[in-house]
Amino acid sequence: MEGRDEMYKEMSERRNRVNPIFKSLTMVAVLSMLLVPSMNAYAVPTASSNIAGKVEMSTAIASKPKLAAPRVSSKSIKVGSRSMAVQTVHVPKGYVPTAAFGKGKYGAAASLNEMMRNHRAVAGINATYFEAYNGAPEPWGTVIINGRIEHVGNHGTTIGFRQDGSALMDTLRVILRGTVTNEKTAREQGWYAYFVNRTPAKNSSSAIMFTTMRGSHLGFAYGNAVTVRNGQVTSVTSGQNVPIPKDGYVLVYTGKEKKMAERFKKGDKVTQAFEYTNKDGQAVDWHDVQTAVGAGPRLVKDGRVALQPKAEGFQQDKILTLSATRSGIGIMPDGSIMLATTGSATMKQWAEVWKQLGAKQAMNLDGGASTGLYANNKVITSPGRLLSNVLMFKQPKS
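Report follows, based on the coordinates. Small disclaimer: the values here were computed from a predicted structure and weren't measured.

### What to know about the overall build of the protein chain
Then comes step 1: Of regular secondary structure, the protein chain possesses six helices and 28 strands.
Then comes step 2: Taking all 398 residues of the protein chain together, the buried fraction comes to 51%.
Then comes step 3: For the protein chain, the accessible area works out to roughly 17900 Å², and carbon and sulfur atoms hold 50% of it.

Given below as structure tokens:
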């Protein structure tokens, strides 16, 4: 949804703020967050032998109740003098949330039905904004998959799901920084990046990390690239479409940030860590979040309408004043999840809808032609385009 000019204006402004931000943040996550696959959040049944030699399963696991199917509803909700048709899917606690890119690849798109069926999801909805008109359909908001940060947007509001399945919502902002230690002199210097897997504009100034979710190579040949494998610099190149190692990552610096690459030499040791804050710079604890998607703006906070799109960085009329097709997600008082779409609403009306739905927390997701909703092997709201990414819910592993 965002135009690239606005996106890179934001990138430039964030670059100018990044050094003072570093001084005020507290490190809450380390390299293992990005590189080590997350642990399964559900216990594996264990067997034990009784005196007769028979094998028994744990009684607690064997008696685990079957999850109720997501509940689909069509509602008419009155906002002011207008009655609004709203499609909802209520997802009970216990289902496993996960995010996915189209065709399982960053920068690719697929139909909502295809992604849901390929992942055997019981419910799902379109997620973050993405480039739908000019170039590859890259996501715009922050995306965390299996505990790995696969894209950083640093805009709007993000919903996250911890390893225990509980959900949280905040104006998440992510900073990546680390150290590089010269192999010969042992001199240590700091470095930073402020986006992950986002293609930089050719003439912009940027500092970006690229992981294997991006693909086998960067996909462009400009800027200075630092390749890191197993915590050690293996190459520093300029103007090359370098490969992305499976056991590491690539840092790319363009424009005024190019000098940062001069701190790295082949053989140097590198550390890195992610830091999480809200939009006001206050540290937030997202270290064990396994799945997250960022979009926004926030609609409801603690059961009350809490709409401040400009404060979250939104400037587009379709967010601030105009009516449009909407999709959204809410955390209900009991911790369950509500997904919903509507055919036309201003953001103020959409926030009021979520208050009436009884959400404790709620946020807007990408809308317009991207609006899509799925449950119980059926598309409830059909998107008008292929999707870059989705948020879905699956049966827990037995």
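Now that the structure has been shown, we can carry on.
### Description of the pattern of salt bridges
Then comes step 1: Counted under the stated rule, the structure contains seven salt bridges.
Then comes step 2: Between Lys 103 and Glu 114 there is a salt bridge, with the nearest N and O atoms lying 3.4 Å from each other. On the criterion of sequence distance, the pair formed by Lys 103 in the loop between strand E6 (96-101) and helix H4 (112-118) and Glu 114 in helix H4 is long-range, its members being 11 residues apart.
Then comes step 3: Its relative accessible area of 57% is what places Lys 103 among the exposed residues.
Then comes step 4: The partly exposed category is assigned to Glu 114, whose relative accessible area is 29%.
Then comes step 5: A salt bridge links Glu 138 to Arg 214, with the nearest nitrogen and oxygen atoms 3.2 Å apart. Within this pair, whereas Glu 138 is found in the loop between strand E7 (121-126) and strand E8 (143-145), its partner Arg 214 is found in the loop between strand E15 (206-210) and strand E16 (224-229), the two being separated by 76 residues in sequence.
Then comes step 6: A relative accessible area of 9% means that Glu 138 is categorised as buried.
Then comes step 7: For Arg 214, a relative accessible area of 11% gives the class buried.

### A short note on unusual backbone geometry
Note: most peptide bonds trans; most residues except glycine with negative phi.
Then comes step 1: The omega torsion across Gly 296 and Pro 297 is 10°, close enough to zero to call that bond cis.
Then comes step 2: You can see Pro 297 is positioned in the loop between strand E20 (289-295) and strand E21 (298-301).
Then comes step 3: Positioned with a positive phi, Lys 103 is a non-glycine residue whose angle comes to about 55°.
Then comes step 4: Although it is not a glycine, Asn 197 adopts a positive phi angle of roughly 60°.
Then comes step 5: With respect to the helices and strands, the residue Asn 197 is situated in the loop between strand E14 (195-196) and E15.

### Points about the sheet that holds E20
Then comes step 1: As summarised here, the arrangement of the five strands in space is E9-E8-E20-E10-E11, forming an open sheet in which the pairing is antiparallel. For this open sheet the edge positions go to strand E9 (148-151) and strand E11 (167-170), each flanked by a neighbour on one side alone. Strand-to-strand twist in this sheet, taken as the mean axis angle between neighbours without regard to direction, amounts to 25°.
Then comes step 2: Judged from the two bridges that link them, E8 and E20 form a sheet pairing that is antiparallel.

Cut-off values and rules
All residue numbers refer to position in the chain's written sequence, counted from 1. Under the rules for a predicted model, residues below a pLDDT of 70 receive no local features and side-chain atom pairs below 80 are neither given nor counted, while totals for whole chains, interfaces and linings still include all residues. For the side-chain quantities, the full set of heavy atoms in the structure was used; hydrogens and water were omitted. We count a stretch as a helix when DSSP gives it H or I for four or more residues in a row; a strand needs E for two or more, and each element gets its number in order from the N terminus. Think of it in three bands: residues with accessible area under 20% of the maximum for their type are buried, residues over 50% are exposed, and the middle band is partly exposed, with areas taken using a 1.4 Å probe on protein chains only. Methods summary: accessible areas were calculated by the Shrake-Rupley approach with a probe of 1.4 Å, and residue burial reflects only the protein chains presented. Salt bridges are defined by distance alone: a side-chain nitrogen of Lys or Arg within 4 Å of a carboxyl oxygen of Asp or Glu. For two strands to pair, DSSP has to find at least two bridges joining them. Here an axis means a line fitted to C-alpha atoms, over the contact stretch when the element is a helix, while the angle between two N-to-C directions is reported on a 0 to 180 degree scale.

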